[in-house]
Amino acid sequence: MTPRTIHLDPEEMPRRWYNILPDLPEPLPPPLDPETGKPLGPEKLAPLFPMELIKQEVSTKRFIDIPEEVLEVYRIYRPTPLFRAKYLEEKLGTPAKIFYKYEGVSPTGSHKPNTAIAQAYYNMREGVERLTTETGAGQWGSALSFAGYVYGLKVTVYMVRISYLQKPFRKVLMKLYGADVVPSPSERTPYGRELLKEDPEHPGSLGIAITEAVYDAATNENTKYSLGSVLNHVLMHQTIMGLEAIKQMEMIDMMPDYVVGAVGGGSNFAGLAYPFYMLKKEGKANPKLLAVEPTAAPTLTKGVYTYDFGDTGRMTPLLKMYTLGHTFIPPPIHAGGLRYHGDAPTLCLLKEKGEIDAVAYNQVEVFEAAKLFFTTEGILPAPESAHAVKAAIDLAVEAKEKGEERVILFNLSGHGFFDMKAYEEFIEGRLEPYDYPEEEIRRNIEKLREIVKV
Ligand SMILES: *Cc1c(COP(=O)(O)O)cnc(C)c1O
């Protein structure tokens, strides 16, 4: 009998991160300088990131040691538990075994501190005094505010204005850690002022907030920028989850047939799935890797694989990725962390090469799945994580239909206790399924082709 909870001994916590770059099926297309169309030298990133993170971004070492000072902070909540979803399995009557890695036990309730802690640490060591970043619903802003607090750094968070107004509780959490939280678009940057002049009530977007945070870091002394997803070093810091999960699955003599995660920019999916991809490369396991996204931001399932900007104001380098176009205006769905036009370049390359699969669900079916999970397993999923829950349930139902004993592992990347407004709309029947229109994607990509010639 498999126990419901598989705890890893704290002594067994991994001491290295896994870097997928040397294991990719072909070299990752480099970031390009939008002005020259040429590959961007790492020195161009120096105004924004500390040297150690730039080195990690391009490193070809398979493993990178986690500094002792980072491990010490990880120990506040790591290793995180692996649960067998027994009660959900019973409810579904499935022969499948469902497991989930639960990251909601971190101080801010999601996987995001795994990289926030590492990033704040390297910045602190290189003498940086202030970090800037963006946040949508507030998960990333909370994580970086926490990490900044731990290492004595000031943190400025540009928070998408609509979330700032409608989701006040994560703002409170950030302020408890001493962060400066600014609604974006803001008066602090030229781009923000321009947008506010057009529309004083501008709701903002993640792409706009990135532009403001990058500008703030680039134009101020001792200030650097920090990103919560997409970049190679961010995904690498998250592999602590998958490396722990491998040990936990080995403890019960099992290996997953499916590894599943929700994708906003790709960090929680990659953090769980990439270490299993490593096992695949070594011939030790052969799981299918499944990325799950909302139909309202269907980057991997409907986007185009091409070079695009990471932000709306075109401040960032060009990254080769699946994209809906940087002019994508995200529909107001409740999984704030999944409303982004692009995805991590490594993840997109793996999708392009057929190494991972992707599926999209609308928010109504996702909240139905979240309710079933909550009432059987007793944890309320973050709306983002609920996308992975939905996919895992569908795989388990399919296993029942086929009479297959598959093992499913998914990432429960965070809890949903700050998302009660969304759950309220759901129980009152006010949530709409939303499919981002394909004509809009085509229009965004046409605009992109006019601006970007590579
Ligand atoms: C931010 C967030 C996500 C989406 O971001 P990724 O980088 O794709 O992981 C998913 N789940 C939770 C709980 C989040 O906070």
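So, a few notes on the structure that sits alongside this text.

### So, helix α17 (residues 420-427)
For step 1, the next point in the chain: Among the residues making up α17, those that are buried are Ala422, Tyr423, Glu425 and Phe426. In a view along the axis of α17, the buried residues occupy a sector of 160°, so they form one face of it.
For step 2, the next point in the chain: In this structure, the buried side of α17 is in contact with α15 (363-377).
For step 3, the next point in the chain: Once α17 finishes, Gly429 follows within two positions and takes phi at roughly 70°, a positive value.

### Concerning the site of the ligand
For step 1, the next point in the chain: In the vicinity of the ligand lie 18 residues, with Lys112, Ser229, Gly264, Ser267 and Asn268 positioned nearest.
For step 2, the next point in the chain: Contacts to the ligand include Ser267, whose side-chain N or O atom sits 2.7 Å from an oxygen atom.
For step 3, the next point in the chain: When the ligand is considered free in solution it has 380 Å² of accessible area, and contact with the protein chains removes 97% of it.
For step 4, the next point in the chain: At the level of secondary structure, the elements contributing two or more residues to the shell around the ligand comprise α12 (267-281) and α16 (383-402).
For step 5, the next point in the chain: Tallied by class, residues from the shell around the ligand come to three nonpolar, 13 polar and two charged.

### A short note on the layout of surface pockets
For step 1, the next point in the chain: Here the second largest pocket defines a volume of roughly 680 Å³.
For step 2, the next point in the chain: Along the walls of the second largest pocket sit 32 residues, with Gly204, Pro330, Pro331, Pro332 and Arg339 positioned nearest its centre.
For step 3, the next point in the chain: Contributing elements (two or more residues each) for the lining of the second largest pocket: α6 (161-166) and α17.
For step 4, the next point in the chain: Per element, the largest residue contribution to the lining of the second largest pocket is three residues, and it comes from α6.
For step 5, the next point in the chain: Split into classes, the residues belonging to the lining of the second largest pocket amount to 13 nonpolar, twelve polar and seven charged.

### Considering the nonpolar core
For step 1, the next point in the chain: Formed by 61 residues in total, the largest nonpolar core has its most connected members in Phe99, Tyr225, Phe269, Tyr274 and Leu347.
For step 2, the next point in the chain: For this core, the element with the most residues is α12, which contributes nine residues.
For step 3, the next point in the chain: Residues in contact with Phe269, not counting those within four places in the same chain, are Val259, Val260, Gly261, Ala262, Val263, Tyr274, Leu289, Leu290, Ala291, Leu347 and Ile356.
For step 4, the next point in the chain: Judged by nonpolar contacts, the second largest core, of 36 residues, contains Phe83, Leu92, Val389 and Phe426.

### Concerning the side chain of Ser142
For step 1, the next point in the chain: Relative to the assigned elements, Ser142 resides in helix α5 (residues 139-151).
For step 2, the next point in the chain: Leaving out residues up to four positions away in the same chain, Ser142 has contacts with Thr108, Arg170, Leu173, Met174 and Tyr177.

### Focus on the packing of α15 against α16
For step 1, the next point in the chain: Where α15 contacts α16, the two axes come as close as 8 Å, and the packing angle between them is 80°. On the basis of the axis angle, α15 is roughly perpendicular to α16. Together, Glu365, Val366, Phe367, Ala369, Ala370, Leu372 and Phe373 of α15 and Pro383, Ala386, His387, Val389, Lys390 and Ile393 of α16 make up the contact between the two elements.
For step 2, the next point in the chain: In terms of residue class, the contact of α15 with α16 is made up of ten nonpolar, one polar and two charged.

### Focus: the packing of aromatic side chains
For step 1, the next point in the chain: As enumerated under the stated definition, the model contains 15 aromatic pairs in all.
For step 2, the next point in the chain: Ring centres 4.7 Å apart and planes at 70° place the aromatic pair Phe328 and Tyr436 in the edge-to-face group. Of this pair, Phe328 sits in the loop between β13 (318-323) and α14 (345-352) while Tyr436 sits in the loop between α17 and α18 (438-451); the two residues are 108 residues apart in sequence, bridging distant segments of the chain. Just as Phe328 is buried, Tyr436 falls in that class too.
For step 3, the next point in the chain: Consider the rings of Phe373 and Phe410, whose centres lie 6.0 Å apart with planes at 75°: the pair is edge-to-face. Remark: Phe410 occurs in strand β15 (residues 407-412) and Phe373 occurs in helix α15; sequence separation between them is 37 residues.
For step 4, the next point in the chain: The class for Phe373 is buried, based on a relative accessible area of 0%.
For step 5, the next point in the chain: Using a relative accessible area of 0% as the deciding quantity, one classes Phe410 as buried.
For step 6, the next point in the chain: Sitting over the face of the ring of Phe63, Arg16 holds its NZ or CZ atom 4.0 Å from the ring centroid.
For step 7, the next point in the chain: Directly above the aromatic system of Tyr164 lies the positively charged group of Lys171, at a separation of 4.0 Å from the ring centroid.

Each value, and the rule that gives it
- Residues numbered from 1 in each chain as written.
- Predicted model: local features only at pLDDT ≥ 70, side-chain atom pairs only at ≥ 80, totals over all residues.
- Heavy atoms only, no water.
- Buried < 20%, exposed > 50% of the residue type's maximum accessible area, 1.4 Å probe, protein only.
- Helix = DSSP H or I, 4+ residues; strand = E, 2+ residues; numbered from the N terminus.
- Arc of directions from axis to C-beta.
- Contact = heavy atoms within 4.5 Å.
- Near = heavy atom within 4 Å.
- Polar contact = N/O pair within 3.5 Å; in protein donor to acceptor, adjacent residues only side chain to side chain.
- Areas by Shrake-Rupley, 256 points an atom, 1.4 Å probe, with all protein chains shown as cover.
- Nonpolar A, V, L, I, M, F, W, Y, C, P; charged D, E, K, R; others polar.
- 1 Å grid on protein atoms, 1.4 Å probe; cavity = no way out; pocket = protein on both sides within 12 Å on 5 of 7 lines; lining within 4 Å.
- Points joined across faces, edges and corners; volume = space filled by probe spheres on them.
- Core = buried A, V, L, I, M, F, W, Y, C linked by side-chain atoms within 4.5 Å.
- Axes fitted to C-alpha atoms, helices over the stretch in contact; angles between N-to-C directions.
- Parallel < 35°, antiparallel > 145°, perpendicular 65-115°, else oblique.
- Phe/Tyr/Trp six-rings, centres within 6.5 Å; stacked < 30°, edge-to-face > 60°.
- Lys NZ or Arg CZ within 6 Å of the ring centre and 35° of its normal.

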